Protein chains: 2
Amino acid sequence: MSLDRLIEKIEQTQNPSVAGLDPKLAYVPEYIKEKCFEKYGETLKGAAKALLEFNKGLIDALYDIVPAVKPQAAYYEMYGPAGVKTLYKTQEYARSKGMYVITDGKRNDIGTTMEAYAAAHLGKVQVGKETYEPFLGDALTVNGYLGSDGIKPLLATCRDNDKGIFVLVKTSNPSSGELQDKKIDGVTIYETMGRMCEEWGRDLPGVYGYSGVGAVVGATYPDQLKYLREKLPATFFLIPGYGAQGAGAKDIAGAFDKNGLGGIVNSSRGIMCAYQKEKCDEHEFAEAARREAIRMRDEIMGCVGKITLNK
Amino acid sequence: MSLDRLIEKIEQTQNPSVAGLDPKLAYVPEYIKEKCFEKYGETLKGAAKALLEFNKGLIDALYDIVPAVKPQAAYYEMYGPAGVKTLYKTQEYARSKGMYVITDGKRNDIGTTMEAYAAAHLGKVQVGKETYEPFLGDALTVNGYLGSDGIKPLLATCRDNDKGIFVLVKTSNPSSGELQDKKIDGVTIYETMGRMCEEWGRDLPGVYGYSGVGAVVGATYPDQLKYLREKLPATFFLIPGYGAQGAGAKDIAGAFDKNGLGGIVNSSRGIMCAYQKEKCDEHEFAEAARREAIRMRDEIMGCVGKITLNK
């Protein structure tokens, strides 16, 4: 009923990083696209199949050293219903390899509709006498702009299915301050949202000190990251903004506690496009991704030290 | 490049209401479910097919009197990739009948990812030499918590494809005030977000005085609705909360300008489940939906008066 399974995977791999799977067609090696277009035409289905093959190659190269993947829903929806099927198949493949799956959907709505999103991404649905998992995430990113009504329906689903959520608190983008940095009675909106995460998390306690309600806090705001780690002791952080968005290992150091826990750092383009950056043969995209994942792990672990599970 | 096409449909039908298509399996008549389960089994696909048949029946009953439909993405994602295909097919069918399609996805993210959502729901994507529309919405609901970075990528897509967006401003749920009613320098967050809509909308002017950047404002907060209509003269409102959530026609009166324009009122369960409320034969679900849509139209038009297009 929390993020414990994620934390255990992080400890096992000694790696607090997550591979973002945001597969633009431009990132996919030509030989994969050619093969899929030959079979399915230059269609949305052809594109979706190419993304899936690319993702599978990345997962094969990463699953033993990286604890989690974070597919970003937008890049799958971009290829229509066929693309969304690739999201499902990617989740399924990552799960089969033992990876923790964080679906980055930033979903939000009220009451009954949020229950539908919860069932869709973290729960089960019933059809007649049968029960199905519509999508295969272990955790889901969500947006808390609508207040408790938009979060509470998720908590029951998380409890019943051993899943977690990450609520947007301080996002990594340049304009995140336009709303999030504004102050209400002397307290920023991002801190207000963070305090709500602590509050919501009380319903989903974890055995390692972190609840099932995590927060998204950008690596591009290192001071806020450090500040929030102190203020939100039971809230685990999903940290975007490393690599392509400009933040480095020193920027994320403040996110971790004395046991080396407290956050997981995302890299999407850095890992997916490593073969383009290295200018190596595109057939080596998976090996290049693995090299970048190891480089990133070692860089982060240089700041974090050893990760231990103190109960 | 705005919501003009929606406004024209509202004037043609003299009906500022939108039918929310949030099809829970429990809303679907038994005979439709039985038929689909017989053909496809008690599977996610069977459920998705049942939802599609239900939606088509509703659209057939409504398209000549109701200007728009608003499918809520959550209820389709709830049935997995097959459910998402039903979202697409529902959009396609509504469009073929001339209805304006508002995809209620409340999507949000930063820069490049928001571009992916924009392409997915309001734009086009290229696959090799071919171009496709991944989904078929005319407008999309979005959440502005991430600031301008999360909205600006949408504006270019709206301009290029004659589409619009609705940004969450004051949502209809009981806890919407937890964050949205808090004040920054004496101004509520919902008004701050509303002012951003006016600002963003300058890039997408419309011929009837309303821009392509609308706002979601709940009917359950009539005072705020009236206040925001005065403060946000160029922002068209999508108004949830009528019917099942408790608001009536008098609550939405403040949303409209002297020409009877300014907002479109959503009813989902009220229309979809009219046959259950009427306790009529389930084979008459579509006729019951039409009766309720007419009742709602007449009730709203009793407050609004005649709708005219003054340029």
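Reading guide: rules and limits
- Residues numbered from 1 in each chain as written.
- Chains lettered and ligands numbered in written order.
- Predicted model: local features only at pLDDT ≥ 70, side-chain atom pairs only at ≥ 80, totals over all residues.
- Heavy atoms only, no water.
- Helix = DSSP H or I, 4+ residues; strand = E, 2+ residues; numbered from the N terminus.
- Rg over C-alpha atoms; globule rule 2.2 N^0.38 Å.
- Buried < 20%, exposed > 50% of the residue type's maximum accessible area, 1.4 Å probe, protein only.
- Contact = heavy atoms within 4.5 Å.
- Areas by Shrake-Rupley, 256 points an atom, 1.4 Å probe, with all protein chains shown as cover.
- Lys, Arg positive; Asp, Glu negative; His and termini not counted.
- Charge placed at Lys NZ, Arg CZ, Asp CG, Glu CD.
- Least-squares fit on C-alpha atoms with pLDDT ≥ 70 in both.
- Buried area = accessible area lost by both parts, 1.4 Å probe.
- Salt bridge = Lys/Arg side-chain N within 4 Å of Asp/Glu carboxyl O.
- Nonpolar A, V, L, I, M, F, W, Y, C, P; charged D, E, K, R; others polar.
- Pairing = 2+ DSSP bridges.
- Axes fitted to C-alpha atoms, helices over the stretch in contact; angles between N-to-C directions.
- Phe/Tyr/Trp six-rings, centres within 6.5 Å; stacked < 30°, edge-to-face > 60°.
- Lys NZ or Arg CZ within 6 Å of the ring centre and 35° of its normal.
- 1 Å grid on protein atoms, 1.4 Å probe; cavity = no way out; pocket = protein on both sides within 12 Å on 5 of 7 lines; lining within 4 Å.
- Points joined across faces, edges and corners; volume = space filled by probe spheres on them.
- Polar contact = N/O pair within 3.5 Å; in protein donor to acceptor, adjacent residues only side chain to side chain.
- Parallel < 35°, antiparallel > 145°, perpendicular 65-115°, else oblique.
- Left-handed = near helix turned anticlockwise from the far one by under 90°.

Caption draft 1: How the structure looks around the overall build of chain A. In terms of regular secondary structure, chain A is built from 14 helices and 12 strands. By the compact-globule yardstick of 19 Å for 311 residues, chain A fits well, its C-alpha radius of gyration being 19 Å. Taking the principal axes of the C-alpha coordinates as reference, chain A spans close to 60 × 50 × 40 Å. For chain A, the residues scored as buried account for 65% of the 311 residues in total. Considering only contacts within chain A whose residues lie at least 6 apart along the sequence, 73% involve residues at least 24 apart. Here chain A displays about 10,600 Å² of accessible surface, and carbon together with sulfur accounts for 49% of that area. Computing the positive centroid from 40 side-chain charges and the negative centroid from 41, chain A places the two 1 Å apart.

Caption draft 2: Region of the structure containing the relation of the copies chain A and chain B. Least-squares fitting of chain A to chain B yields an RMSD of 0.0 Å, with the superposition described by an axial translation of 0.0 Å and a rotation of 180 degrees. Between the two chains, the operation in question is that of a two-fold axis. Within chain A, Ile184 of chain A has its C-alpha nearest the rotation axis, a separation of 2.7 Å. A share of 100% of the interface residues of chain A reappears at the interface of chain B, consistent with the copies meeting face to face through the same patch.

Caption draft 3: The interface of chain A and chain B, seen in detail. Between chain A and chain B, the contact holds 70 residues from the first and 70 residues from the second. Both faces combined, the contact of chain A with chain B buries some 5,600 Å², and carbon together with sulfur accounts for 59% of it. On the chain A side of the contact with chain B, Glu42, Tyr145 and Leu179 of chain A bury the most area, a combined 14% of that side's loss. Linking chain A to chain B there are 6 salt bridges. Residue Glu42 of chain B pairs with Lys129 of chain A through a salt bridge whose shortest N-O separation is 3.3 Å. For the side of chain A that touches chain B, the element with the most residues is helix α6 (residues 111–122) of chain A, which contributes 7 residues. Each residue belonging to the side of chain A that touches chain B can be placed in one class, and the counts come to 33 nonpolar, 21 polar and 16 charged.

Caption draft 4: Representation of the sheet that holds strand β1 (residues 17–21) of chain B within the structure. Residues and elements named next belong to chain B. Around the barrel, 8 strands lie side by side as β1-β2-β3-β6-β7-β10-β11-β12; this closed barrel has parallel pairing. Recorded for the sheet is a direction-independent mean angle of 30 degrees between the axes of neighbouring strands. Sheet analysis places strand β11 (residues 237–239) next to strand β12 (residues 263–267), joined by 3 bridges and oriented parallel. Within the sheet, the bridge partner assigned to Leu238 lies in β12 and is Ile264.

Caption draft 5: Expanded view of the sheet that holds strand β11 (residues 237–239) of chain A. Residue and element names in this part refer to chain A. The strand order β1-β2-β3-β6-β7-β10-β11-β12 describes a closed barrel built from 8 strands, whose pairing is parallel. Strand-to-strand twist in this sheet, taken as the mean axis angle between neighbours without regard to direction, amounts to 30 degrees. Across 5 bridges, strand β7 (residues 164–170) lies against strand β10 (residues 213–217) in parallel orientation. Of the residues in β10, the one forming a bridge with Phe166 is Gly214. Contacts from helix α7 (residues 148–161) reach β6 (139–142), β7 and β10, with the element oriented near 150 degrees to β7.

Caption draft 6: Region of the structure containing the packing of aromatic side chains. Under the defined criterion, the tally for this structure stands at 8 aromatic pairs over all chains. Ring geometry for Tyr275 of chain A against Phe285 of chain A: centres 6.4 Å apart, planes inclined by 70 degrees, an arrangement best described as edge-to-face. Linking Tyr275 of chain A in helix α13 (residues 274–278) with Phe285 of chain A in helix α14 (residues 285–304), this pair joins segments that are 10 residues apart in sequence. Per residue, the accessibility class of Tyr275 of chain A equals that of Phe285 of chain A, and both read buried. Above the face of the Tyr221 of chain B ring, Lys170 of chain B is positioned so that its terminal group lies 3.9 Å from the ring centre.

Caption draft 7: The arrangement of the environment of Ser172 of chain A in detail. Tracing the backbone through its elements, the reader meets Ser172 of chain A in the loop between β7 and α8 (177–180). When the C-alpha positions of Ser172 of chain A and Ala249 of chain A are compared, they lie 15 Å apart, and in sequence the two are 77 residues distant. Those residues in contact with Ser172 of chain A that lie beyond four places of it in its chain are Gly218, Thr220, Tyr221, Pro240, Gly241 and Gln245 of chain A together with Ile110 of chain B.

Caption draft 8: The arrangement of the layout of surface pockets in detail. In this structure, the largest pocket spans a volume of roughly 670 Å³. Around the largest pocket, the lining comprises 22 residues; the ones closest to its centre are Pro81 and Lys85 of chain A together with Pro81, Ala82 and Lys85 of chain B. Classifying every residue of the lining of the largest pocket by side-chain character gives 12 nonpolar, 2 polar and 8 charged.

Caption draft 9: Seen up close, the side chain of Asn15 of chain A. All names here are of chain A. Mapped onto the elements, Asn15 comes out in the loop between α1 (4–13) and β1 (17–21). At 2.8 Å, the side chain of Asn15 forms a polar contact with the side chain of Ser17. Contacts of Asn15, omitting those with residues within four sequence positions, involve Ile10, Ile65, Val66, Pro67, Arg297 and Ile307.

Caption draft 10: Region of interest: α1 of chain A. Listing the buried residues of α1 of chain A in full gives Asp4, Leu6, Ile7, Lys9, Ile10 and Thr13 of chain A. In this structure, the buried side of α1 of chain A is in contact with β2 (68–71), β3 (100–107), β7 and β12 (263–267) of chain A.

Caption draft 11: Quick look at the pairing of strand β3 (residues 100–107) of chain B. Residue and element names in this part refer to chain B. Counting buried positions along β3 yields 8 of 8 residues, so the element is predominantly enclosed. Going residue by residue along β3, you find Tyr100, Ile102, Asp104 and Lys106 tucked away on one face and Val101, Thr103, Gly105 and Arg107 tucked away on the opposite face as well. Across 3 bridges, the pairing between β3 and strand β6 (residues 139–142) is parallel. Across the sheet, Thr103 pairs through a bridge with Leu140, a residue of β6.

Caption draft 12: Structural view of the packing of helix α3 (residues 44–62) of chain A against helix α5 (residues 80–96) of chain A. Residue and element names in this part refer to chain A. Two elements in contact, α3 and α5, have axes separated by 9 Å at closest approach and are oriented at 15 degrees. The orientation of α3 relative to α5 falls into the category roughly parallel. Once α3 is placed against α5, the crossing between them reads as right-handed. Packed against α3, whose contacting residues are Leu44, Lys45, Ala48, Lys49, Leu51, Leu52, Asn55, Lys56, Ile59 and Asp60, the element α5 presents Ala82, Gly83, Thr86, Lys89, Thr90, Tyr93 and Ala94 at the interface. Its residues placed into classes, the contact of α3 with α5 shows 8 nonpolar, 4 polar and 5 charged.

Caption draft 13: Main features of the environment of Asp138 of chain B. Residues and elements named next belong to chain B. Along the chain, Asp138 turns up in the loop between β5 (130–132) and β6. In this structure the C-alpha to C-alpha distance between Asp138 and Asp162, which are 24 residues apart in sequence, comes to 7.9 Å. A distance of 3.1 Å separates a polar atom in the side chain of Asp138 from a polar atom in the side chain of Arg5.

Caption draft 14: Looking closely at unusual backbone geometry. Positive phi is not limited to glycine here, since Asp185 of chain A has a value of about 45 degrees. As for its position among the elements, Asp185 of chain A is in the loop between β8 (183–184) and β9 (187–188). A relative accessible area of 77% places Asp185 of chain A in the exposed class. With phi around 45 degrees, Lys106 of chain B is a residue other than glycine that occupies positive phi space.

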